Amino acid sequence: MFDVLIIGLGCAGYTAAIYAARYKLSTFIVGMEDGGLGLTAAEVGNWPGDIDVTGPDLMERFKKHATSFENVTHKLARVEKVDKTASGFRLTLDDGSSIDGKTVIFAMGSKKRHLGVPGEREFSGKGVTYCATCDAFFYRGKDVAVIGGGDSAVEGAAIAAQVARKVYLVHRRAQLRAEPYWVDRVKARSNVTFVLERQVKEILGDGKVAGIKLDKPFEGADTLKVDGVFIEIGADPATELSDQLGCKKDDRGYLLVDEAMATSVPGVFGAGDLTSGSNHFAQFTTAAGEGAVAANSAFSHLQEH
Ligand code: NAP
């Protein structure tokens, strides 16, 4: 029986594990992929003290730190089920094993949104991808479209513009919501065209992506010829496991937590992109802060019970 079970191998989960380890809690941390969404950050730029670090490098360091403690057990596996037991909680993993713990920290992050237009599913992996910063490298000298107006889309367009011939940034509004730093980076690139107040109606192709169809013409045509489409329209909180325990959600569907990162179920805490915390501001810094608070709260809970 572990003191704390942490689900999620991203910034929030690993920070929680580091704090839990230093509180001398026996800690089990599990997830499907080391690094989580943090892996998709080509340049982080706002992790204090590190002017120049990539998401994968930062996440590798988090993992190394968390797993350096003897009282941290790390496992790559999918958690199929979470149950309440008489003495705490039980995780059932996809290899059939089960792990018991006294407290749980949910840190599963979020899942990328899909556009839901014709052609998206058909050309997924054949030109349609959901991580511009991960996949831009494969489009050297080609034309691509990045869809969205937030940090992921605008950062993705800036990275893609370094290798692609032409980048269309397609956003449904006149204003981008991304951090001005990234907007300036994109504006400085002569090979980026802003296609604003336009929605993608269909992804076109024949075996692989050949273009996108817009809801309104842009510069006289309602289709843009592209070889790749990076869909970066945000992400939804991954609450399937916390739903199994009946943890409450906020009106936007995020795992509801209080200032101690406690959920509505005693002994269960949340941290990172899936929670209602930090004003829904999903950053490395806020995920790390939430992970630290969640581990501290798990420690207090164990002392009190
Ligand atoms: P986001 O901030 O939620 O932005 C999603 C964008 O996609 C919005 O511009 C939204 O349009 C658009 N959109 C949503 N649904 C759409 C649809 N069905 N069709 C067309 N457009 C659609 O998501 P994100 O950019 O992935 O960022 C998520 C979080 O991660 C944020 O907190 C962000 O700050 C953080 N992040 C930070 C960095 C960084 O700091 N370097 C990098 C990446 C992500 P509207 O504007 O009309 O809503």
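## Let's talk about unusual backbone geometry
Piece 1. Although it is not a glycine, Lys24 adopts a positive phi angle of roughly 65 degrees.
Piece 2. Structurally, Lys24 is set in the loop between helix 1 (11-22) and strand 2 (27-31).

## Details of helix 4 (residues 151-160)
Piece 1. Taken across its 10 residues, helix 4 has 8 buried, putting it largely inside the fold.
Piece 2. When helix 4 is considered as a whole, its buried residues turn out to be Ala153, Val154, Glu155, Gly156, Ala157, Ala158, Ile159 and Ala160.
Piece 3. On its buried face, helix 4 sits against helix 3 (132-135), strand 9 (143-147), strand 10 (166-171), helix 5 (180-187), strand 11 (192-196) and strand 15 (228-231).

## A closer look at the domain arrangement of the protein chain
Piece 1. If you check the domain split of the protein chain, you get domain 1 (2-112 + 235-304) and domain 2 (128-231).
Piece 2. Computed over C-alpha atoms, the centres of domain 1 and domain 2 are 32 Å apart.
Piece 3. Taken together, the contact between domain 1 and domain 2 spans 7 residues of the former and 12 residues of the latter.
Piece 4. Interface area lost by domain 1 to domain 2 is led by Thr40, Glu43 and Lys112, which between them contribute 68%.
Piece 5. Across the contact surface, domain 1 and domain 2 share 1 salt bridge.
Piece 6. The shortest N-O distance in the salt bridge between Glu43 and Arg185 comes to 2.9 Å.
Piece 7. Looking at the side of domain 1 that touches domain 2 residue by residue, the classes come out as 2 nonpolar, 3 polar and 2 charged.

## Section: the site of the ligand
Piece 1. Not every one of the 20 residues close to the ligand is listed here, only the nearest: Asp151, Ser152, Arg172, Arg173 and Arg177.
Piece 2. Separating an oxygen atom of the ligand from a side-chain N or O atom of Asn46 is a distance of 3.4 Å.
Piece 3. One of the backbone nitrogen or oxygen atoms of Gly149 is found 3.1 Å away from an oxygen atom of the ligand.
Piece 4. In isolation the ligand has 910 Å² of accessible area, and contact with the protein removes 79% of it.
Piece 5. The greatest single-element share of the shell around the ligand, amounting to 3 residues, is contributed by helix 4.
Piece 6. Tallied by class, residues from the shell around the ligand come to 4 nonpolar, 9 polar and 7 charged.

## Describing the packing of helix 1 against helix 2 (residues 55-66)
Packed helices, taken two at a time, are described by the angle their axes make and the gap between the axes.
Piece 1. Packing of helix 1 against helix 2 leaves a shortest axis separation of 9 Å and a crossing angle of 25 degrees. With respect to helix 2, the element helix 1 is oriented roughly parallel. Between helix 1 and helix 2 lies a crossing whose hand is left-handed. Every residue of helix 2 that contacts helix 1 at Cys11, Tyr14, Thr15, Ala17 and Ile18 is listed here: Met59, Phe62, Lys63, His65 and Ala66.
Piece 2. A breakdown of the residues in the contact of helix 1 with helix 2 according to their chemical character gives 7 nonpolar, 2 polar and 1 charged.

## Observations regarding the pattern of salt bridges
Side-chain pairs of opposite charge can arise where the charged atoms are in close proximity.
Piece 1. Enumeration over the complete set of coordinates arrives at 13 salt bridges.
Piece 2. We note a salt bridge from Lys75 to Asp95, for which the minimum N-O separation is 2.9 Å. Taken together, the positions of Lys75 in strand 3 (residues 72-76) and Asp95 in the loop between strand 5 (89-93) and strand 6 (98-106) put the pair 20 residues apart, joining distant regions of the chain.

## Concerning the packing of aromatic side chains
A ring pair, where both rings are aromatic, is described by two values, the distance of the centres and the angle of the planes.
Piece 1. Summed over all chains, the structure comprises 6 aromatic pairs.
Piece 2. Between Phe137 and Phe138 the ring centres are 5.9 Å apart and the planes differ by 75 degrees, which places this aromatic pair in the edge-to-face class.
Piece 3. Overall, Phe137 belongs to the exposed group, its relative accessible area being 55%.
Piece 4. Given the relative accessible area of 58%, Phe138 is considered exposed.
Piece 5. An angle of 80 degrees between the planes, with centres 5.1 Å apart, marks the rings of Tyr181 and Trp182 as edge-to-face.
Piece 6. The ring of Phe89 has Lys84 lying over it, and the distance from NZ or CZ to the ring centre is 4.7 Å.

## Some points on the state of the cysteines
Piece 1. The tally for this structure, following the rule as stated, stands at 1 disulfide.
Piece 2. Here Cys131 engages in a disulfide with Cys134; their sulfurs sit 1.9 Å apart. Disulfide Cys131 to Cys134: torsion about the S-S bond roughly 70 degrees, handedness right-handed.
Piece 3. With no disulfide of its own, Cys11 lies 16 Å from the sulfur of Cys131, the closest cysteine sulfur.

## Some thoughts on the sheet that holds strand 11
Piece 1. Strand order in this open sheet of 5 strands is 8-15-9-10-11, and the pairing throughout is parallel. Each of the sheet's edge strands pairs with one partner strand only, and the pair in question is strand 8 (128-129) and strand 11.
Piece 2. Where strand 10 lies against strand 11, 5 bridges are found, and the strand directions are parallel. What sits directly across from Val170, in strand 11, is Val195.

Procedures and definitions
Residues numbered from 1 in each chain as written. Predicted model: local features only at pLDDT ≥ 70, side-chain atom pairs only at ≥ 80, totals over all residues. Heavy atoms only, no water. Helix = DSSP H or I, 4+ residues; strand = E, 2+ residues; numbered from the N terminus. Buried < 20%, exposed > 50% of the residue type's maximum accessible area, 1.4 Å probe, protein only. Contact = heavy atoms within 4.5 Å. Domains from an automatic or database assignment. Buried area = accessible area lost by both parts, 1.4 Å probe. Salt bridge = Lys/Arg side-chain N within 4 Å of Asp/Glu carboxyl O. Nonpolar A, V, L, I, M, F, W, Y, C, P; charged D, E, K, R; others polar. Near = heavy atom within 4 Å. Polar contact = N/O pair within 3.5 Å; in protein donor to acceptor, adjacent residues only side chain to side chain. Areas by Shrake-Rupley, 256 points an atom, 1.4 Å probe, with all protein chains shown as cover. Axes fitted to C-alpha atoms, helices over the stretch in contact; angles between N-to-C directions. Parallel < 35°, antiparallel > 145°, perpendicular 65-115°, else oblique. Left-handed = near helix turned anticlockwise from the far one by under 90°. Phe/Tyr/Trp six-rings, centres within 6.5 Å; stacked < 30°, edge-to-face > 60°. Lys NZ or Arg CZ within 6 Å of the ring centre and 35° of its normal. Disulfide = S-S within 2.5 Å. Pairing = 2+ DSSP bridges.

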